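Fold and geometry: a report
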Amino acid sequence: SSHFHPLVFLNITAKSHLHSTEGNTAGLTRTLDNRPIYYALAFVQKKTSPSFQERRLAVSQGSDDADSTNGIGANQLEIRASHTNTGGIRFQNVQIPNGTTIKLAYIVPLLFNNGPRSGTLQVWGEDSDNAATFSAGSLPNTRPKTGASTLGAWIISTNLVEVWKAFDVTAAIQEIAARPGWASGNAMAFLLESDVATKAWIWAYEVGGVFAARLII
């Protein structure tokens, strides 16, 4: 049997920590210093079988997120409209044995924008055994993509709002974990492009680790 386990990401202040909370079924909105902040939910299906194991990872260094326009070291990833550039997010030490069946997996970046805006992002995995960190000579647009990808719509309805958005990467991770050269503890990276004529902004690790993207498997 299975049930849904909601993960609530709480973004309160620049010095706050990322939390997960069980037992909630809806997002909340809170105003702090006249700034609306969303607590967005990502639902992860959790098996009761002893064989089910959950992994939660976060970007852990500045060179593990980048975009092909601004490179590494910026405070944000700029995902330009209509596939005109590529963002990349990398996670180290992914503990998944080769050939593991992936039940459900999400990459969860923190999107922001100045003003109401919506769009769609397409997300691939990097088709490699052990994704290297990004550098000036190895930016996201140079990385090979998995055959599997996902399209996810996002919306920011109010000015100066940040929203955690979960993108389903189950199929992409399954494809990577099935590669003959994949080994537990290797790194995985994900490549993001805007599928519509709308730019998306994602906070990078440089803003603070609590704002860096998450991976939940």
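Residues numbered from 1 in each chain as written. Predicted model: local features only at pLDDT ≥ 70, side-chain atom pairs only at ≥ 80, totals over all residues. Heavy atoms only, no water.

As for the overall build of the protein
Scanning the protein from N- to C-terminus turns up one helix and 16 strands. Across the 217 residues in the protein, those meeting the buried criterion constitute 47%. On the protein, roughly 9,600 Å² of surface is accessible, and the fraction owed to carbon and sulfur atoms is 50%. (Helix = DSSP H or I, 4+ residues; strand = E, 2+ residues; numbered from the N terminus. Buried < 20%, exposed > 50% of the residue type's maximum accessible area, 1.4 Å probe, protein only. Areas by Shrake-Rupley, 256 points an atom, 1.4 Å probe, with all protein chains shown as cover.)

Overview of the pattern of salt bridges
In this structure the tally under the stated criterion is eight salt bridges. Between Arg179 and Asp127 there is a salt bridge, and its shortest N-O distance comes to 2.8 Å. With Arg179 in the loop between α1 (170-177) and β14 (188-194) and Asp127 in the loop between β10 (117-126) and β11 (145-156), this pair connects stretches of sequence that are 52 residues apart. Judged by its relative accessible area of 22%, Arg179 is partly exposed. Note that Asp129 is salt-bridged to Arg179, the shortest N-O span being 2.6 Å. Of this pair, Asp129 sits in the loop between β10 and β11 while Arg179 sits in the loop between α1 and β14; the two residues are 50 residues apart in sequence, bridging distant segments of the chain. Exposure remark for Asp129: the relative accessible area of 27% places this residue in the partly exposed category. Overlapping salt bridges bring together Glu78, Arg80 and Lys199 as one network. (Salt bridge = Lys/Arg side-chain N within 4 Å of Asp/Glu carboxyl O.)

Overview of unusual backbone geometry
The phi dihedral of His83 is positive, around 60 degrees, even though this residue is not glycine. By the secondary structure assignment, His83 is in the loop between β6 (76-79) and β7 (87-91). A relative accessible area of 34% places His83 in the partly exposed class. Of note in the backbone geometry, Asn93 takes a positive phi value of approximately 55 degrees without being a glycine. Along the chain, the position of Asn93 falls in the loop between β7 and β8 (106-108). Owing to a relative accessible area of 41%, Asn93 belongs among the partly exposed residues under this scheme.

Thoughts on the packing of aromatic side chains
According to the stated counting rule, one finds three aromatic pairs in the structure shown. Arranged with centres 3.9 Å apart and planes meeting at 15 degrees, the rings of Phe112 and Trp203 form a pair that is stacked. Of the two residues, Phe112 is situated in strand β9 (residues 110-113) and Trp203 in strand β15 (residues 200-203); the sequence distance between them amounts to 91 residues. Grouping residues by exposure puts Phe112 and Trp203 together as buried. Members of the aromatic cluster, connected to one another through ring pairs, are Phe112, Trp201 and Trp203. Above the face of the Trp124 ring, Lys145 is positioned so that its terminal group lies 3.8 Å from the ring centre. One cation-aromatic arrangement involves Lys165 over Phe167; the distance from NZ or CZ to the ring centre is 5.7 Å. (Phe/Tyr/Trp six-rings, centres within 6.5 Å; stacked < 30°, edge-to-face > 60°. Lys NZ or Arg CZ within 6 Å of the ring centre and 35° of its normal.)

Concerning the nonpolar core
Counting residues in hydrophobic clusters, the biggest one holds 34 residues, and the most contacted among them are Phe91, Ile96, Leu121, Ile173 and Phe190. Counting only elements with at least two residues in this core, the list comes to β6, β7, β10, β11, β12 (161-164), α1, β14 and β15. Residue contacts for Phe91: discarding those within four places in its chain leaves Leu57, Ala58, Val59, Ile107, Ala187, Met188, Phe190, Ala213, Arg214 and Leu215. (Core = buried A, V, L, I, M, F, W, Y, C linked by side-chain atoms within 4.5 Å. Contact = heavy atoms within 4.5 Å.)

Structural notes on the sheet that holds β12
Spatial strand order, β6-β15-β9-β12: four strands in an open sheet with antiparallel pairing. Of all the strands in the sheet, just β6 and β12 have a single pairing partner and so form its edges. Sheet twist, expressed as the mean angle between neighbouring strand axes with direction ignored, is 30 degrees. Note: β9 against β12, four bridges, orientation antiparallel. Bridge pairing in β12 links Leu110 to Trp164. (Pairing = 2+ DSSP bridges. Axes fitted to C-alpha atoms, helices over the stretch in contact; angles between N-to-C directions.)

Notes on the confidence of the model for the protein
When pLDDT is averaged along the protein, the result is 80, and 76% of the positions lie at 70 or above. Every residue in residues 1-50 scores below 50 in pLDDT, and together they form 118 contacts with partners more than four places removed in sequence or on other chains. (pLDDT = per-residue confidence, 0-100.)

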